[in-house]
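Fold and geometry: a report
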Amino acid sequence: MAGKKDLERLRRRKRRKQRLIRLTIHLFVWTGAAVLYYFGFSLFFDTPAEYELKHATDRMRREYAALTERYDSLARVLDNLSERDGNVFRILFESTPYDFDAGYERSRAETYEQILGRSTRRLKRELRERTAAIDERLAELVATHRELQRRIDSAGRDSDRIPAIQPVINKQLTLLTASYGMRFHPFYKTLKSHQGVDYTIPEGSRVFATADGTVSAVGNRNSTSGQTVVIDHGNGYETLYGHLSSIQVRKGQHVRRGDIIALSGDTGLSLAPHLHYEVRYNGVRVDPVHYFFMELSPSEYRRMMRIAQAGMQSFD
């Protein structure tokens, strides 16, 4: 009797084991079938996420192609504009425009080549010398700054009578085309002293007083300057604005820095519409670019000096 019970238990255990094995096999089979189905399905069909990604990629490709085409078109337009400007410059001034940026890059490349050819000892010595020179220059600048601050503090409101801004709106710093110094005269075709700066601006552009003062002269001073305004700032400074089309102030009128005093023009002996601007100190004409310190940061000042010095042709 006990033997039959043991045999029955073994049979039930064996059947459970067989069922477990079959279930395990079925599980693996169904899992494998599901994996195969997934891979097979993914070969021919996209999931919603994949579908969206593919279409997003296609849209990006189309946008990239459109942007590339647009960039190429703009590059061609800029090249054409540059070539046209060069032709206009050659026709007006009978000379080839100087490529300042190319010259600057060439100079940088030559300097880099020279540095590569120097020994480490020489480079260290030059670095020490330049550092010492910079320290010395910094001490001078600090002393100069203190002296300027002292003068500003003592000047008080008289500082408003010192020319300190540009006479026209020139945020991009590209309108100043002829600076102070020896420049080619547009009519005589010879080097002549140009004792102011020229701004190439459209006729009718606003012209601003660069400091507080009193209008000392208006109208046609001579056939060269055309319609002109002169402002006496009362502290040794005078400013002149020439080749105007319309004058908005009268002689004896008090003006403040930033007031509109005239509209630019092409009167007098002028090659094209522009503004001629001068600064005089104690009767001597000085470089106006040094008197834009209220508007320009040091980097903008250096950039304006580079732009101004690159042009050797005045407009009057």
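The structure presented is a predicted model; accordingly, all values stated were derived computationally and were not measured.

**Regarding unusual backbone geometry**
Positive phi outside glycine occurs at H243, with the angle close to 65 degrees. Inspection of the secondary structure puts H243 in strand 8 (residues 237-247). Phi angles above zero are rare outside glycine, and N282 is one such case at about 55 degrees.

**Considering the pattern of salt bridges**
A full pass over the atoms with the stated rule returns eight salt bridges. Between R122 and E126 there is a salt bridge whose closest N-O contact spans 3.1 Å. Linking R122 with E126, this pair stays in helix 4 (residues 120-155), spanning four residues, or about one helical turn. E278 is the partner of R285 in a salt bridge, and the nearest nitrogen-oxygen pair spans 2.9 Å. On the basis of relative accessibility, which here comes to 31%, the residue R285 falls in the partly exposed class. Overall, E278 belongs to the buried group, its relative accessible area being 9%.

**Some points on the side chain of S264**
Turning to its location among the elements, S264 is positioned in strand 10 (residues 260-264). The class of S264 is buried, set by a relative accessible area of 0%. Apart from residues no more than four positions distant in its own chain, S264 is found in contact with I201, P202, E203, G204, S205, V207, H243, L244 and S245.

The rules behind each value
Residues numbered from 1 in each chain as written. Predicted model: local features only at pLDDT ≥ 70, side-chain atom pairs only at ≥ 80, totals over all residues. Heavy atoms only, no water. Helix = DSSP H or I, 4+ residues; strand = E, 2+ residues; numbered from the N terminus. Salt bridge = Lys/Arg side-chain N within 4 Å of Asp/Glu carboxyl O. Buried < 20%, exposed > 50% of the residue type's maximum accessible area, 1.4 Å probe, protein only. Contact = heavy atoms within 4.5 Å.

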